[in-house]
Amino acid sequence: MFVRGDHKRLGPTVPRGFPRVLTGDRREPITTSSGRLQLADWLARADNPLTARVMVNRLWQHHFGEGLVRTPNNFGERGERPTHPELLDFLAARFVESGWSVKAMHRLIMLSSVYQRSSRADANSLATDPDNRLLGRMNRRPLNAEAVRDSLLAAAGRLDSKRGGPAFTDLAVPRRSLYLMSARTGAKTSDFGQLFDRADPCSIVDQRGHSVVAPQALFFLNDPTVNTWARDLAARVAREAPGGNEARVRQLYGLVLGRAPTQKEIDLGLQLLAPTRGIDDAWERYCHLILCTNEFVYID
Amino acid sequence: MTNSIVPMEFLSRRQILRRAGAGFGSLALAALLADEASASAPALNPLAPRLPHFAARAKRVIFLFMPGGPSQVDTFDPKPRLTQDNGKPSPKLYLGQKRNLLASPWKFSKRGQSGLDVSELFPHVGACADHLCIIRSMVADDVNHPGGCLQMNTGERVASRPSLGAWVTYGLGTENQNLPGFIAIGPGPLIEGARQYGASFLPAAFQGTFVSDLQNPIRNLKNGQVGPDRQRQELDALRQLNELHREGRAEDSRLNARIESFELAYRMQTQAPEAFDLTHESRATKRLYGIDEKTTEVFGRQCLLARRLVERGVRFVQLYHTSGGFQPWDQHSDLKGGHAKNALATDRPTAGLLQDLAARGLLTDTLVIWGGEFGRTPAAEGTNGRDHHPFGFSMWLAGGGVRGGMTHGATDEFGWDAIEGKVHVHDLHATILHLLGLDHEKLTYRYTGRDFRLTDVYGDVVKAILA
């Protein structure tokens, strides 16, 4: 044993096995092989409900922003209690029954009525449950780092959704952000991820942060790639809605925000696009503005 | 976290001016920023200034990091016995190897009123001896650069941990919202890269902004598309759209925080380049920092930038001396040539920084730290080099709350191991936080089920060096 992980502070020789604190006295020594297979079998054995609970809680957190247990790395003494223990167990049992199918679990969660609730909160719900522990409404969720860039690319009509391939560093490459270079030593690692709270690749991260800082706004306002994508978006809108400005505003809202604009929004758009302003890149700038909106990065 | 935001009425006029970054002309802006700081919750503006746990002696930090490991016996820890026994076998084996002692090629002399011994490698820093608190008994755990640098910068050698600057910014926020709270400046790449100034599991807002290209210090600061007037109009339109969106969503303070972040970004575009612009500094100032000479220009610029940034309310500035390699102090051979070159490049700029801070009244509440990840062996490696040695080396502190003109601790008669007043890296970190008004046992962040500290379960404040 290395005391505190220090290779120069050697403790007694300890035979391979599961920690007693987890297994109690049912401790079986591991006498053959590396122990990895035994660990996997032990984690996934039928009478250990914890593994399935932890996994479905992660999947739930992915969809709702918060898990049923809000300390996803700690289901122990110092972790939070589940807000819906029966639901957690129901999901965990279904997960195991389905042969640990992550896809089936996504489907089950997303077809539920709780997933389909509106995030618009009434005053009563806000007053009685400000943290939304009872899930009376959907949590409004910010796009994460990868989704921010992929959404910009998708709006521009440039997203290359091909799977696999080598990692890349240049933000202008239209491939999915999943493949942005990330290395432990930082070499060639894109700093885009850090800007939007991507997980530190050297840490065990159970939940990403969601900071709101000015450098993110600088990215949206001034990054040359965002400018390029806004230009692509403007060209796309012109192509897809050859009519007048109003038709194009409608098309733009549909593409970027997935809804029709209100009359006020149309008026504001037309005002910005008015020919009297004498700005020939008005459409491109307007598209850029819509990409900067809160609505684009916060999902209701 | 229980720290609260500093309300407007607790700010001195001077703080307000510094926060504004540009003097009286920006008073209105400062007031605006202060209003913002007190109006938004700490979770939303993680960089809002916060009160320390107790009265602070230092408000900001400049850490002059010397990668590679400067040798203690050639800089701040003279050893007459080493000179006397030059070439004889060392009584101490190092990593099991017999090696011969190597006298320092440099002479030491008493400097300043306090008569501190400083080697002739640092004539200008020596002239500032009365500001220096030299710790001759530093101890670290790692004999190699990656672990050594990580320990000095994060407290931990292997696992990912938040850096010192990230912890400080987490604890205190920062005073100028138009600039990052923690800025790391180095002309070259760093060993272990971003981990040296990263936030690890702390919120990403506390990570250091690494500046390598001084012409283009912060990403996306320049708007290449439209002029300021038109950008202002666009931002007004954006605000209108976002306000429409906010109707019926007023309870979600993140939406308002993001609206404000665009206003801050707009102001940063003009304020940040000003902070990084050295052209308006006087010729005398540039000369003081050695910017007028090729050998001292790079580190001189780094040091002058550090002063400009702390003057404008940046909480933590870290300079890496990385011109001439990513660990220039690593003299396994040619100690004489290598150390002389590094000392020449950094001596005048470092002394210039200390003098300038003192002249501007900033040194009283700015903590300056100098040192590398470890020291070097008193015995020779090969014929003319020195090997890594973390068990007794020198660092110095100056300014905010430390006693100037003193030495603390001692190594043995050859300069191998610290034998008196040992200061482990954890103790140094505890002391730095203490000077900033932070209790290193209380500055915690819960991660994976436990409360983490910069100092883990270690660290004692070195009381003997406090002013």
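Residues numbered from 1 in each chain as written. Chains lettered and ligands numbered in written order. Predicted model: local features only at pLDDT ≥ 70, side-chain atom pairs only at ≥ 80, totals over all residues.

Caption draft 1: Representation of the overall build of chain B. Assigned secondary structure in chain B consists of 12 helices and 17 strands. A compact globule built from 467 residues would reach a C-alpha radius of gyration of about 23 Å, and chain B, at 23 Å, matches this within 12%. Projected onto its principal axes, the C-alpha positions of chain B cover 80 × 55 × 35 Å. Burial statistics for chain B: of 467 residues in total, 55% are counted as buried. The long-range fraction of contacts in chain B, counting pairs at least 24 apart against all pairs at least 6 apart in sequence, stands at 75%. (Helix = DSSP H or I, 4+ residues; strand = E, 2+ residues; numbered from the N terminus. Rg over C-alpha atoms; globule rule 2.2 N^0.38 Å. Buried ≥ 20, exposed ≤ 12 C-beta atoms within 10 Å, placed from the backbone. Contact = placed C-beta atoms within 7 Å.)

Caption draft 2: View of the confidence of the model for chain B. Residues and elements named next belong to chain B. Across chain B, the average pLDDT comes to 89, with 91% of residues at or above 70. In the model, residues 1–43 has pLDDT below 50 throughout and makes 54 contacts with residues more than four positions away in sequence or in other chains. This prediction of the complex comes with two scores: 0.80 for pTM and 0.90 for ipTM. (pLDDT = per-residue confidence, 0-100.)

Caption draft 3: Inspection of helix 11 (residues 335–359) of chain B at higher detail. Taking 1.5 Å per residue, 25 residues should reach 36 Å; helix 11 of chain B reaches 35 Å between its end C-alpha atoms and fits that length. Phi turns positive, to about 75°, at Gly 361 of chain B, one or two residues after helix 11 of chain B. (Expected span 1.5 Å × (residues − 1).)

Caption draft 4: Examining the interface of chain A and chain B more closely. Taken together, the contacts link 45 residues of chain A with 44 residues of chain B. Contributing elements (two or more residues each) for the side of chain A that touches chain B: helix 9 (214–222), helix 10 (224–240), helix 12 (263–273), helix 13 (282–291) and helix 14 (294–297) of chain A. Here the side of chain A that touches chain B is built from residues that sort into 18 nonpolar, 17 polar and 10 charged. (Nonpolar A, V, L, I, M, F, W, Y, C, P; charged D, E, K, R; others polar.)

Caption draft 5: Region of interest: unusual backbone geometry. Despite not being glycine, Asn 220 of chain B shows a phi value in the positive range, around 60°. With respect to the helices and strands, Asn 220 of chain B occurs in the loop between strand 6 (209–211) and helix 7 (228–246).

Caption draft 6: Seen up close, the packing of helix 3 (residues 49–64) of chain A against helix 4 (residues 85–97) of chain A. All names here are of chain A. The N-to-C vectors of helix 3 and helix 4 enclose an angle of 105°; their axes lie 8 Å apart at closest approach. As summarised for this structure, helix 3 and helix 4 are arranged roughly perpendicular, according to the angle between their axes. Of helix 4, the residues touching helix 3 (which contributes Pro 49, Ala 52, Arg 53, Met 55, Val 56 and Asn 57) are Leu 88, Leu 91, Ala 92, Phe 95 and Val 96. Within the contact of helix 3 with helix 4, the residues separate by chemical class into 9 nonpolar, 1 polar and 1 charged. (Axes fitted to C-alpha atoms, helices over the stretch in contact; angles between N-to-C directions. Parallel < 35°, antiparallel > 145°, perpendicular 65-115°, else oblique.)

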